Amino acid sequence: MKIFSDRKTAQNRHFARKNPLRSSQNAAGLELVFKERDMGQAENGEWKADVKMEYAYDDAGRKIYFHRWVVEKDNNLKDDSETEYGYDDKGRNNMTAYYSYSSGARKGTTKSVQVFNDKDQEIEETTYQWSTFDNNWEVKKKETTTYNENDDIIKEIDEMGNVTETSYNVAKHPYLASSEIVTAENGEWLSKTLYDYDDKT
């Protein structure tokens, strides 16, 4: 990705010089590779960075951390935002957590955790929000999805607990829904939709 596709070549060269690679180790002794990037613009012929970003990667080369600072007029760095990434045992990104800073204190904004089946289909997603009471994540909503052998969605449970069940005419139209029934968490019937198709479908 060309971050400075619309900037002068000289600025790009300056940007490249301000991107050193360095490394450290985490608690498990795995090497983390950090890449620093300064983004900004030229003012009166002098380079002035206004944003600084740092990335961290695990030993498999997957991004696990991102931090962003704002460069103030006195060149001090002010924490701005942060993102953490997690992966399951198959290397799929199954967790993303976003943080922001207020008066120097880090607070979470949104966190999502996914569960996948053996076909890499998402079958569960939990969204968290930040609790100011105990300064930690708390569950905001949870959604689940169930598939049949043809990879069609046959059941969904949304954040309100409403259940949507979809049926298919496997013999005639295996991938087109024939009916859709929605019920509330308490079992109360909410809606029912029937579908029909002509022979050309």
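The rules behind these values
Residues numbered from 1 in each chain as written. Predicted model: local features only at pLDDT ≥ 70, side-chain atom pairs only at ≥ 80, totals over all residues. Heavy atoms only, no water. Helix = DSSP H or I, 4+ residues; strand = E, 2+ residues; numbered from the N terminus. Buried < 20%, exposed > 50% of the residue type's maximum accessible area, 1.4 Å probe, protein only. Contact = heavy atoms within 4.5 Å. Areas by Shrake-Rupley, 256 points an atom, 1.4 Å probe, with all protein chains shown as cover. Salt bridge = Lys/Arg side-chain N within 4 Å of Asp/Glu carboxyl O.

Draft legend 1. Focus on the overall build of the chain. Helices and strands together make up the secondary structure of the chain, namely 1 helix and 13 strands. Helices (α) and strands (β) of the chain occur, in sequence order from the N terminus, as α-β-β-β-β-β-β-β-β-β-β-β-β-β. A buried classification covers 30% of the 201 residues belonging to the chain. Expressed as a percentage of contacts within the chain between residues at least 6 apart in sequence, the contacts between residues at least 24 apart total 16%. As displayed, the chain offers around 13500 Å² of accessible surface, 45% of which is attributable to carbon and sulfur atoms.

Draft legend 2. Region of the structure containing the pattern of salt bridges. With the rule as written, the count across this model stands at 9 salt bridges. Its salt-bridge partner being D80, residue R68 comes within 2.5 Å of it at the nearest N-O pair. Of this pair, R68 sits in strand β4 (residues 63-71) while D80 sits in strand β5 (residues 77-87); the two residues are 12 residues apart in sequence, bridging distant segments of the chain. Under the relative-accessibility criterion, R68 is labelled partly exposed at 26%. For D80, a relative accessible area of 27% corresponds to the partly exposed category. Between K119 and D151 there is a salt bridge, with its nearest N and O atoms 2.9 Å apart. Here K119, found in the loop between β7 (105-116) and β8 (122-131), pairs with D151, found in the loop between β9 (136-147) and β10 (153-157); they are 32 residues apart in sequence, far enough to count as distant. Note on D151: relative accessible area 37%, which makes it partly exposed. A network of salt bridges, in which partner residues are shared, links E82, E84 and R106.

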